[in-house]
2 protein chains.
Amino acid sequence: MRRRGILFVISGPSGVGKGTIREALLKRMDDLKVSISATTRPPRPGEVDGKDYFFLNQEQFKKMIEEDNFLEWAKVYQNLYGTPRDFVLENLEKGQDVLLEIDIQGAMQVKNKMPEGVFIFIYPPDIATLSKRLCGRGKDSIESIKHRLAACEEELKHAKYYDYVVVNDDLDVAVKKTEAIIIAERCRIKYIDLEVM
Amino acid sequence: MRRRGILFVISGPSGVGKGTIREALLKRMDDLKVSISATTRPPRPGEVDGKDYFFLNQEQFKKMIEEDNFLEWAKVYQNLYGTPRDFVLENLEKGQDVLLEIDIQGAMQVKNKMPEGVFIFIYPPDIATLSKRLCGRGKDSIESIKHRLAACEEELKHAKYYDYVVVNDDLDVAVKKTEAIIIAERCRIKYIDLEVM
């Protein structure tokens, strides 16, 4: 029997580069299934339902909350975002490893429901670099950046609840380390079925 | 303060390819210190004391046993072999990761003394392949090969005491997986000093 899939959670403060690391990982590893978030915000041009997000209306989203069908969810600027539980669980049951990229508050909720996941904290090299990155991507206001930096310092304290820390001071190295964690976890004795070897 | 070094133990049955994996790892990673064994067998042509082995006489070896200065030792065909404890501990204290390649009986002794080490079991793809490898290297008699294969089946049962299992069905893949385990372990939260970040 094939082993159950492993849930890999990549998380860290806003602007730390976790999305970039996720994209790089998916290019290097074709055996990871990405968890797709649900949201009530309207699709942006080019976004595809069921690929970029599951686009739901408020009523649909709230029904899923009531049915406890989110591993985590949050309200961000009037919009609801969440990780549908069934999508993740069904893939894990099939033996498919799942990659979930998510903010720290979300990761802490997921850890609460699925402590057997592998939690990887992407750490900024320093606050100055993080600030530069948040400014550089140009989609956030100064006020929003200030707010996020303050939140970031608070968020970094959560690193201790994770299994691994990867410092993103060099993207290639950070991707290589995250990939190594995934490869290594798959070799852990608890996932090896010695009976059939 | 730099973190303490990590002890990586590569082990597995005779002929499984653990020596080859060790050599390949050392070529790829320049930040691993190899543990050097002590032995009472005479040096073979070209072997250098303090590099290939620490060559000791019986009296010196027995003194080290009495002083509990071996992480493990064994008698093999009238010769004594052992892993000097101080060499390993001094390197770990300096923050140097140490790589120890060793048979299963030895690894079990090391685990007893240093359970905080990372124990990696190199697993044969199947007994037929292992038999071929043992014959192929031409330095063992048929009788010795037969004996080893029987011992091997018994030895495989020890895999469950290890942290990781790497199946050596493709050398490049096995080396990559072992390297990934080393990279990943260095990212584990217990080795990250969050205070100085």
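All of the points below concern the structure found in this document. (Residues numbered from 1 in each chain as written. Chains lettered and ligands numbered in written order. Predicted model: local features only at pLDDT ≥ 70, side-chain atom pairs only at ≥ 80, totals over all residues.)

So, about the overall build of chain A. Helix and strand counts for chain A come out as 7 helices and 9 strands. Its C-alpha radius of gyration of 17 Å places chain A within 12% of the 16 Å reference for a compact globule of 197 residues. Each principal axis of the C-alpha atoms in chain A carries an extent, and together these give about 60 × 40 × 30 Å. Sorting the 197 residues of chain A into buried and exposed places 37% on the buried side. In chain A, the proportion of contacts linking residues at least 24 apart, taken out of those at least 6 apart, comes to 69%. (Helix = DSSP H or I, 4+ residues; strand = E, 2+ residues; numbered from the N terminus. Rg over C-alpha atoms; globule rule 2.2 N^0.38 Å. Buried ≥ 20, exposed ≤ 12 C-beta atoms within 10 Å, placed from the backbone. Contact = placed C-beta atoms within 7 Å.)

Residues and elements named next belong to chain A. The buried count for strand β7 (residues 97-102) comes to 6 of 6 residues, which makes it a mostly enclosed element. Residues Asp 97, Leu 99 and Glu 101 point to one face of β7 and Val 98, Leu 100 and Ile 102 to the other, with burial holding for every one of them. Note that strand β1 (residues 7-11) and β7 share 5 bridges and pair parallel. Each residue of the ladder has a partner; that of Leu 7, found in β7, is Val 98. Relative to β7, strand β2 (residues 32-34) is paired through 3 bridges, and the arrangement is parallel. Each bridged residue has a counterpart across the sheet, and for Lys 33 the counterpart in β7 is Val 98. (Pairing = 2+ DSSP bridges.)

Least-squares fitting of chain B to chain A yields an RMSD of 0.0 Å, with the superposition described by an axial translation of 0.0 Å and a rotation of 180°. Interpreted geometrically, this transformation is the action of a two-fold axis. In terms of proximity to the rotation axis, the leading residue of chain B is Ala180(B), whose C-alpha is 2.1 Å off the axis. (Least-squares fit on C-alpha atoms with pLDDT ≥ 70 in both.)

All names here are of chain A. Two numbers describe how helix α1 (residues 18-28) lies on helix α7 (residues 171-186): the axes approach to 10 Å, and their chain directions differ by 60°. As summarised for this structure, α1 and α7 are arranged oblique, according to the angle between their axes. Helix-helix and strand crossings are classified by hand; for α1 and α7 the assignment is right-handed. In contact with Thr 20, Ile 21, Ala 24, Leu 25 and Arg 28 of α1, α7 contributes Leu 171, Ala 174, Val 175, Thr 178 and Glu 179. Taken together, the residues that form the contact of α1 with α7 break down as 6 nonpolar, 2 polar and 2 charged. (Axes fitted to C-alpha atoms, helices over the stretch in contact; angles between N-to-C directions. Parallel < 35°, antiparallel > 145°, perpendicular 65-115°, else oblique. Left-handed = near helix turned anticlockwise from the far one by under 90°. Nonpolar A, V, L, I, M, F, W, Y, C, P; charged D, E, K, R; others polar.)

If you look at the biggest cluster of nonpolar residues, it comprises 94 residues, and the most contacted ones within it are Phe8(A), Val9(A), Ile120(A), Phe8(B), Val9(B) and Ile120(B). In contact with Phe8(B), other than residues within four places in its own chain, are Asp97(B), Val98(B), Leu99(B), Leu100(B), Val118(B), Ile120(B) and Ile182(B). (Core = buried A, V, L, I, M, F, W, Y, C linked by C-beta atoms within 7 Å.)

Here we take up the sheet that holds strand β2 (residues 32-34) of chain B. Residues and elements named next belong to chain B. Taken together, 5 strands build an open sheet; the order of strands is β2-β7-β1-β8-β9 and the sheet is parallel. Strands with a single pairing partner mark the edges of an open sheet, and in this sheet they are β2 and β9 (164-167). Recorded for the sheet is a direction-independent mean angle of 25° between the axes of neighbouring strands. Those strands touched by helix α3 (residues 85-93) are β1 (7-11), β2 and β7 (97-102), and its axis lies near 150° from that of β7.

With that settled, consider the interface of chain B and chain A. In this complex, chain B contributes 19 residues to the contact, which on the side of chain A involves 19 residues. Going through the elements one at a time, β9 and α7 (171-186) of chain B are the ones with two or more residues in the side of chain B that touches chain A. Ranked by the residues each element gives to the side of chain B that touches chain A, the list is headed by α7(B), at 5 residues. Of the residues assigned to the side of chain B that touches chain A, the class counts are 15 nonpolar, no polar and 4 charged.

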